[in-house]
Each structure stands twice: as structure tokens, then as C-alpha cells.
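Read off the chains here:
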Amino acid sequence: MSEKRLVGSELEEAALFFHKEPKPGKLEIRATKPLGNQRDLALAYSPGVAAPCLAIAADPGLAADYTSRQNLVAVVSNGTAVLGLGNIGPLASKPVMEGKAVLFKKFADIDVFDIEIDATTVERVVDVVSALEPTFGGINLEDIKAPECFEIEAQLRARMKIPVFHDDQHGTAIIVAAAVLNAMELAGKAFGSIKVVASGAGAAALACLNLLVSLGVKRENVWVTDLEGVVHVGREALMDRWKAVYAQPTDARQLAEVIDGADVFLGLSAAGVLKPEMVARMGERPLILALANPNPEITPEEALAVRPDAVMCTGRSDYPNQVNNVLCFPYIFRGALDVGATTINEEMKHAAVRAIAALAKEEPSDVAARAYGGVSETFGPHYLIPSPFDNRLILRIAPAVARAAMESGVAARPITDFAQYLDKLHRFVFRSGLVMKPIIAAAKGSGMRVIYADGEDERVLRAAQVVLEDGLCVPILIGRPSVIEARCQRFGLKIRPGRDFATINPEDDPRYRDYVDLYFDLVGRKGVTPDAARTVVRTNATVIAALAVMRGDADALLTGLEGRFVKHLRDIRNIIGLADGVTDYSTLSLLISNRGATFLTDTYVTEEPTALELAEMTRLAAEQVRRFGMTPRAALLSHSNFGSADCPTSLRMREALAILRREAPDLEVDGEMHGDAALSQAVRDRVMPKSTLTGEANLLVFPTLDAANITLEVMKVTSEALHVGPILLGAARPAHVLTPSVTSRGVVNMSAFAAVCAAEGR
């Protein structure tokens, strides 16, 4: 079996497990209203539900107020052109459509029903989908083969009074158009004079060309090729009325015959179609959009070898300028739904194109720069279009689309206060569940060496394979190589010690004596004898990991999957010590749930922190919140609400606030306050209208370890939140003590975080 096939089979196995556990599929339906008593039931159903029914019957527009329709999109497919899998049928397409639904929800907070229909004719598809109009605010057509998809969309748009959007066509077209706009600006070329050559004439390719023409490219300067060669006047094979628009009066029959002088190559066909010798004959500073996946029409390496002045875009995430539909489709629907648009017209698509193109030219914000380790891409050949994970996309595209809908007269519910609308979108950005995105992005390619004390644990082994595949860090595992290899084989992992990652074998490592000497130098005056030092360095993996970091054999460490937290922390304290200016350790825990990201401190270390310790841990925690690309808003919690009670803990919180206002005047913080006041501006306004905290607090500071840890554990269960951490604050080198309940996913997240800490030197 080839290595490539081995990787593929392991990915397939992981994907099957992902889709099956802990429950099949990727979606579920949850109630948004309480149903805790008989009155709730009476309001939700009979007899109370009659009131909104009658209101909607009298005024259909009220459905947007009383139902979920205006935030509900149908992702519809008949399974005739699923990804690169072909005509696999509607049932087999369901995992893809569920995946599309997840993207809608994660990126734009749009609810989706995926609908797979057993219909292959244009008439049948149109009849089925058009009958769904009362249920949905919009229709996203997906993976329907060409040329039927053109006619289906055209008929549905004519029959329905809600947006109908075939993403395979228009999503790709919008991103391509933004890339072409920016590339031609960089090259100093006018849209009306450029030559465009396309390889592929399917739904996406033709939509790209149509949009480029609508933006100013001249139709006579567009050349299309497909399996039958050049689309020319008089050709009959593989022709249809949509493709015929681009038929040229020419004797040329092959791509190589029409590529000369091309300013733009648009590839939506197959790997290897564009040859280096063809690239050499293109115009000056050409744009090459090689979008075939997984292998492009030509690789950037091949193209740039013959034309260093070329600008490249692909569909792959491992090259710059990735053309990915997720750049636009969630946000186009967000803007369209928010104004009750009756269609998605050319004006709205143009607005999306220009918003995407403009975002690539924006200076990175301070928050974004901090989130990505202080390094951000700037507009140029390697950054024509924004990253698909730029959290500003929704803030630029959705309002632009909404405005275009209003200005073109297709908005049934125009936005009256755009400042309020933008504020709503801003709040969503940090409630989207993509909190780890900046950390993962900053860790990629960092080359930081993360050492794992629990190197024989299955969770660490699975995490090691992920961080290696994703390039998040260079793992070093402490454990017996023979045991690690046997377990990798047992768990079906392809990684192997000595080949893919280094190990430190506690039973036999050439650095043993050096480690013992260093350990004794550090703890010899803390009651540890030389004999004890030798034993500890043979048996205590946390000690070995900490010594490796101190010696420069590793950059960061993770431990804690086995044993007690306090024991691991004691070893880190003895070997690594505290950072300059820090009086003691504390911990920060991040919970990522459907409501967004919440940071809690101190969840594992200090039982009864003093006011000075509370202020210090709050400052240290705020630094880490910024690392996630978020502005910290800290609430000092207590059973006392802004002076309502005097007791030792509430007095400490008040004193801590005074210290913070004196020593960290730029930090948004207030207290002491109740938990509900911290999480609700409305509650806080009732009891303290002059609070210096705005919006919802994202950093909760607790008066005692009991309060913090109990809250953490309860929130993990009740909100089904992902726990990232605990993050150890105050250590001289990056070192983190995890907990026995951590999952392999949690180990991966903390590996990325540790790598970023090491790369930034703090």
C-alpha cells in the first residue's frame, strides 16, 4: 500500500468515526424557548400558538417576527454532482449538505435544514423546491450538475420571492472576481482590456466568466476551453446555450493555441492542464487561478519557475490566495436575510466582490495582529484575497450586501440603523465558536518543539499525529519507544517514534546524567539527595519534560494527563520557576460553547487569593485573552453586588479593582458583582448604570478556588462546552498542566497554544 493511500485510508477512518460519534450526523434541532411548565406549553402550542398564526395570516411579513423563517435556509441537492465524487445520489450527498449547514451556522449564525431530493429532471426539482417557499428565508442549491443547474436556478428565481443561490456557481465566481479585481490593480491593467482564458466550462467556470463580464471584461476577450477543446462558433459537441455565449470565431482548437498574451487563466478543470510552456507565453504579470482540487491545473512552484512575475491562486489551503466558497456564501445570505431580500441580484453580488477585494487591502487591526502573533499578511501578490478565516468578512460583506439589496429595491425589511446592525455582527464574531482560529493559525509552521510528559497515552499519540499533519509544532514524547510504537500500531496511527517524532526514553537516554546534574543543581538545597535525584529523573516524566525545556531540548511542555495537578505544578515550580515580576502561579480556563468564549480564573491553583494576587492573575489572564484576538472585559465576581455586602471575599475584590484601575488603567474591568450582572448588560444597567464594564464580560475572576473550579466544572457539563486549558499563568517558560479528563482534541488545542507561547517568547 502506498503512503498516499495509507494517509487517505486513515483520514477516511477518522472521518467515519467523526460522523458517527457521539451521535450520528453533524446537526440536531433544539428549542429556543423554555418549556418548563404547563404555561410554556400553552404558549408554544395550543391554544397560544393561534395568536401568531392569525397574525401571519393577516400579514405574511410578520412571519419574520414570530417564526424562525427569516433565519432559516434550505441547502438543497439532488446529489448529481457531489464534490469530486460525481453523481452519487441524494442520500449519499447528505453528509456534504450537513457539512454545508454547519458552515452556515458557524460562520454566520444561520440555521439550515439540509434537504436531499430524489429528483433528476429540471421540472421535478423546480416543483419540489418552489413548494418549500413558505418554510424558508432562502434556498442554497448545492452539487447539482450542469447544465441542468442553470435552468433550475433560473426557473426557481422566477417563481420564488426569496433568495435562490447556487453556490457552486456564484460563490466561486464572487471570490474569483475579487481576486481578478485586485490582481489587475496590482498589474496596472484595465478590466476592459484584459484577456481571459478559461479551462473548464461547468457551472462554476461559466458563472465566473459571466460575473467578470458584468464587471467590465469584454466578452470578445474571453476564451473558453473544455474536454472538446476551444469553444468556437459552429461547434456542436458538448455545447449548450450558456456555453455558446463564449463561442469565438476562430480556427484555434486547443488551450495551447489561445493562451498567448492571456492576462488571466481561470482553471476549473483538471490537474496538469496548464503546462509551464503555456505559462511562459502569457501576458505580463499574469494571474493564474488554478482551482482544480485536490491538484491544481499547475502548481505554484511550476508556474513561478517559468514566470516569477505571475500571481497564483488555488483552491488549496497550503498555498497563498485560497479560493474558498466559505469566504462569501454565509455572509451573502446573512446580509440578504437581514433585509428580507426577495432575491440575490447582480448588485448584491457586485457588492460582495468589492467588499472582499477591499478587505484584502485593509491594514490588519491591532487585535488581529496580536491574534496572529504580531505578523499579518498585507495586500500584494501573496495576499490578493482575505483568508477564509478572517473574522472581519462578516463585518464587511453582510452590510455591503444588505445595502445593495436596499438600494436595488429588493429588501422587504430595510435596515434603519446600520450602526446597531454592525454592533450585532461584531457581537456574533466572538460568539461563533472559532475562538481557537488565531491560535491555530499562529502555531502553523512555527517549528516550536512541544514535549509531552505523558507520551505513551493514547490521547497524546492521537494529538501528535494531528499536530504533525497540521504543522502546529514538533512533538517530543517522553516514553518507552517500543511501547509507543506498539500503541501507534494498535490505534491505527501512521506515526512512528524515531521517524516522525523524537522521544526521550526514561529507561535509557544518553542525556540522563546531564539531566540528573541539572536537577540536583536546582533542587539539591530543597531536601533532594543525589540518589533521590537519580531516581526522580528515571521515574518522573514531568521532571524530565521541565528539564528538557530548561536545557533547550524543547520549547514548551504539556503534562498532567495522569496524577494530581498540585504534584505536577510543584515540579514545574522547582525547575522552571516564575517569570520575572510574577509573585505566584495561577491558571486560566477557556470554555467554548454555543454562547461563545468565556475565560475563568483562577481555576486550579490559589485557594484564597489576596487582593494583590487577584489583580495579578487578572492582568496575566487579560494578556492571554488578547492572544486569542479578543479584547478582555473582566468582571470581578462575588456574592456582593457593587457594595451590597461586606465580607472578606467581597472586600478583597473591591481592593483588587482599585489595584487594577491604578496599575492597568487600559483594562476594561469592574466589580465586585454578581454572575448575572457580569454576563448581562441589561442586568448591570439596573443595578449599576455607571459600570465601567460594557457588554458581556468574557473574563470572569473568582474570589476563591472553590468558586472558580466548581463553576468551571458545572459550566462544562451544562453548556456542553469545550474546555481549553488549564493555561498556566506566571511560569518562566511555557509549561501547562492539563487534567486527566482532557481529550485528544484538548491536547491538540493546548499544543497549539503552547507553541504560540514559545514562539512569542512568553
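Preceding block: the structure.
Computed from a prediction, not measured in an experiment: that's the story for all the values here.

Engineer: Please explain the nonpolar core as it appears in this structure.
Structural biologist: A general feature of soluble globular proteins is that nonpolar side chains tend to end up buried together. Core analysis: the biggest nonpolar cluster contains 110 residues, and Ile139, Val180, Leu287 and Leu289 have the highest contact counts within it. When sequence neighbours within four positions are dropped, the list of residues in contact with Leu287 reads Ala179, Val180, Ala183, Met184, Asp263, Val264, Phe265, Met282, Val311, Cys313 and Leu384. Within the second largest apolar cluster, 68 residues are counted, among which are Cys473, Met617, Ala634 and Ala755.

Engineer: What's the story with the packing of aromatic side chains in this structure? I'm lost.
Structural biologist: Aromatic ring pairs: the centre-centre distance and the angle between the two ring planes describe each pair. Tallied over the entire structure, the rule returns nine aromatic pairs. An aromatic cluster of at least three residues, connected via ring pairs, comprises Phe104, Phe165, Phe329 and Phe333. Here Lys361 stacks its cationic end above the ring of Phe379, 5.8 Å away from the centre of that ring.

Engineer: What exactly am I supposed to notice about the side chain of His166 here?
Structural biologist: Mapped onto the fold, His166 is located in strand β4 (residues 164-166). Since its relative accessible area comes to 1%, His166 is described here as buried. There is a polar contact of 2.7 Å between the side chain of His166 and the side chain of Gln169. With residues near it in sequence (within four places) discarded, His166 still touches Leu141, Glu142, Asp143, Ile144, Cys149, Glu153, Gly171 and Ala203.

Engineer: Explain the state of the cysteines to me, please; I cannot follow it from the model alone.
Structural biologist: Taken as a whole and judged by the stated rule, the model has zero disulfides. Cys328 forms no disulfide, and the closest cysteine sulfur to it belongs to Cys208, at a distance of 10 Å. Among the cysteines around Cys473, which has no disulfide bond, Cys757 carries the closest sulfur, lying 12 Å off. In this structure Cys473 comes out as buried when scored by relative accessible area, which is 5%.

Analysis parameters
Residues numbered from 1 in each chain as written. Predicted model: local features only at pLDDT ≥ 70, side-chain atom pairs only at ≥ 80, totals over all residues. Heavy atoms only, no water. Core = buried A, V, L, I, M, F, W, Y, C linked by side-chain atoms within 4.5 Å. Buried < 20%, exposed > 50% of the residue type's maximum accessible area, 1.4 Å probe, protein only. Contact = heavy atoms within 4.5 Å. Phe/Tyr/Trp six-rings, centres within 6.5 Å; stacked < 30°, edge-to-face > 60°. Lys NZ or Arg CZ within 6 Å of the ring centre and 35° of its normal. Helix = DSSP H or I, 4+ residues; strand = E, 2+ residues; numbered from the N terminus. Polar contact = N/O pair within 3.5 Å; in protein donor to acceptor, adjacent residues only side chain to side chain. Disulfide = S-S within 2.5 Å.

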